[in-house]
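# Per-entry structural report
In case you want the letters, here they are:
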Amino acid sequence: MELWFTEKHTEHVKLSIEVDKQLYSTQSDFQRIDIFESPEFGRFLTLDGYMMLTEKDEFIYHEMMVHVPMAVHPHVKNVLVIGGGDGGTVRELVRYDSIENIDLVEIDEEVVKACIEYLPQTACGFQDKRVHTYFEDGLKYIRKFVDTYDLILVDSTDPFGPGEGLFTKEFYGNCYKALKADGIMVNQHESPFYKEDAYAMQRAHKRIVESFPISKVYQMHIPTYPSGHWLFGFASKKYHPLDDQRVEEWKALGLKTRYYNEQLHKGAFALPNYVEEMLEHVE
Ligand code: SAM
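Residues numbered from 1 in each chain as written. Predicted model: local features only at pLDDT ≥ 70, side-chain atom pairs only at ≥ 80, totals over all residues. Heavy atoms only, no water.

### A few points about the packing of helix 6 (residues 169-178) against helix 7 (residues 195-211)
The relative placement of two packed helices is expressed as an angle between their axes plus a distance between the axes. Inclusion rule: Fitted lines through C-alpha atoms serve as axes, helices being fitted only where they are in contact, and the angles separating the N-to-C directions of these axes extend from 0 to 180 degrees. Each helix is a run of DSSP H or I of at least 4 residues and each strand a run of E of at least 2, with the numbering of both proceeding from the N terminus. By convention, the crossing between two helices is left-handed when the near helix turns anticlockwise from the far helix through less than a right angle, and right-handed when the turn is clockwise. Contacts are assigned to residue pairs that have any heavy atoms within 4.5 Å of one another. Ten residues, namely Ala, Val, Leu, Ile, Met, Phe, Trp, Tyr, Cys and Pro, are considered nonpolar, four, namely Asp, Glu, Lys and Arg, are considered charged, and the remaining ones, Gly among them, are considered polar.
It is the contact of helix 6 with helix 7, at a shortest axis distance of 9 Å, that shows an interaxial angle of 35 degrees. In terms of crossing hand, the pair formed by helix 6 and helix 7 is right-handed. Listed contacts from helix 7 to Lys169, Tyr172, Gly173 and Tyr176 of helix 6 are Ala204, Arg207, Ile208, Glu210 and Ser211. Classifying every residue of the contact of helix 6 with helix 7 gives four nonpolar, two polar and three charged.

### Comments concerning the pattern of salt bridges
Selection criterion: Salt bridges are defined as contacts in which a side-chain nitrogen from Lys or Arg sits within 4 Å of a carboxyl oxygen from Asp or Glu. Think of it in three bands: residues with accessible area under 20% of the maximum for their type are buried, residues over 50% are exposed, and the middle band is partly exposed, with areas taken using a 1.4 Å probe on protein chains only.
Per the counting criterion, the structure on display carries 16 salt bridges. Across the pair glutamate 37 and arginine 43 runs a salt bridge whose closest N-O atoms are separated by 3.2 Å. Among the residues examined, arginine 43 registers a relative accessible area of 23% and is labelled partly exposed. Here glutamate 210 ties to lysine 169 by a salt bridge, and the two come within 3.8 Å at their closest N and O atoms. With glutamate 210 in helix 7 and lysine 169 in helix 6, this pair connects stretches of sequence that are 41 residues apart. Among the ionic contacts, a cluster of salt bridges with common partners joins Glu58, Arg91, Glu92 and Arg95.

### Notes on the packing of aromatic side chains
Convention followed: Side-chain rings of Phe, Tyr and Trp, where Trp is taken by its six-membered ring, are said to pair if the distance between their centres is within 6.5 Å; with planes under 30 degrees apart they count as stacked, over 60 as edge-to-face, and otherwise as tilted.
One pass over the full model with this rule turns up 19 aromatic pairs. Geometrically, the ring pair formed by tryptophan 250 and tyrosine 260 is edge-to-face, given 4.8 Å between the ring centres and 75 degrees between the ring planes. You can see tryptophan 250 sitting in helix 8 (residues 247-252) and its partner tyrosine 260 sitting in the loop between helix 8 and helix 9 (262-268), a full ten residues away along the chain. Tyrosine 260 carries the same exposure label as tryptophan 250, and that label is buried. Aromatic ring contacts, followed pair by pair, group Tyr61, Tyr218, Tyr225, Trp230, Phe232, Phe234 and Phe269 into a single cluster.

### Quick look at the pairing of strand 6 (residues 50-54)
Operational definition: Pairing between two strands is assigned when DSSP locates at least 2 bridges connecting them.
Among the five residues of strand 6, four are classified as buried, and the element is accordingly described as predominantly covered. As paired elements, strand 5 (residues 42-47) and strand 6 share four bridges and run antiparallel to each other. Paired with phenylalanine 44 across the two strands is threonine 54, which belongs to strand 6. Linking strand 5 back to strand 6 in an antiparallel pair, the connection comprises two residues, with aspartate 48 at a positive phi of about 50 degrees.

### So, unusual backbone geometry
In terms of backbone geometry, most residues other than glycine have negative phi values and most peptide bonds are trans. Residue aspartate 147 is not a glycine yet carries a positive backbone phi of 50 degrees. Owing to a relative accessible area of 49%, aspartate 147 belongs among the partly exposed residues under this scheme. Notably, glutamate 190 is not glycine yet its phi reads approximately 70 degrees, a positive angle. Of note, glutamate 190 is situated in the loop between strand 11 (179-188) and helix 7.

### A closer look at the site of the ligand
For clarity, the cut-off: Being near a molecule or strand, for a residue, comes down to having at least one heavy atom within 4 Å of it. Pairing of N or O atoms within 3.5 Å defines a polar contact, subject to two protein rules: one partner must be a possible hydrogen donor and the other a possible acceptor, and residues neighboring in sequence count only if both atoms are side-chain atoms.
In the vicinity of the ligand there are 24 residues, among which Gln31, Glu106, Asp137, Gly138 and Tyr225 approach most closely. Measuring from an oxygen atom of the ligand, one finds a side-chain N or O atom of glutamine 31 at 2.9 Å. Contact between the ligand and tyrosine 225: a nitrogen atom at 3.0 Å from a side-chain N or O atom of the residue. Its residues assigned to classes, the shell around the ligand shows ten nonpolar, eight polar and six charged.

### A look at the packing of helix 7 against helix 10 (residues 273-282)
Here is the rule we go by: Should an angle fall under 35 degrees it is called roughly parallel, over 145 degrees roughly antiparallel, and 65 to 115 degrees roughly perpendicular, with every other angle called oblique.
Their axes nearest at 9 Å, the elements helix 7 and helix 10 cross at an angle of 45 degrees. With respect to their mutual orientation, helix 7 and helix 10 come out oblique. Read as a crossing pair, helix 7 and helix 10 show a hand that is right-handed. Across the interface between the two elements, Ala198, Met201, Gln202, His205 and Lys206 of helix 7 pack against Met278, Leu279, His281 and Val282 of helix 10. The class makeup of the residues in the contact of helix 7 with helix 10 is five nonpolar, three polar and one charged.

Written out as structure tokens, the structure reads:
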């Protein structure tokens, strides 16, 4: 008997992954959480049927979310992660000895519990003493802070369901306020390829451009996300992602990465013309 997980990427496109077995399934107060075991991608987490991460390709997402801003900002000490309950972003952050504090604000405690039990590859960073986890809505949490964080990483689900508020103008404005004078925000910026994702991407970009003086977009390849072509936003009060890239300082840290490197850092900001046009249209 064959067992397959299928996610609809558009009305006319589906991605299917063969599954060995389902390891976990629950309906939390916020969403349906499932974890599967698969021959090609290892274990993978879905929320409300949408792919969040697989053991095989999560390194791309988490390395690009963390190492790009860390190779730019010269002294990150206080970090806020919003969402990111699988722990992959935290895992990459705790590799930096210079970081003193990491606050992770995840709306759904059940995601963290399930990942600690079934996805130790990503959840391993939660044990670090510098990590403090708060189970709250990130939209509400961020309202309380002014001039506090060096780096905010918005590791959210898509802009519907619990993640909807994390794509609003109010949220980005409050992230700006919560950042120090040289702070950086990196956010999950959706995909330019399929129409609905591209619309969400443009809407998010417009709101970030309205909130931050420097707002750039960079790209990566994530095989299990719709179209495989994914974007992150780099929004900043002071540092430019390329002009202020600290190539030698970052290399001197000796961090071993599987996707990120200093050349790729530069290349990731070189976008295809059709994506540049979409961004310019809302800038
Ligand atoms: N890499 C993933 C992706 O883009 O598919 C995101 C991974 S992470 C699992 C996303 C997390 O954001 C989820 O665990 C979800 O519960 C959390 N989340 C969604 N809305 C949130 C909110 N308003 N506040 C805090 N966390 C939220």
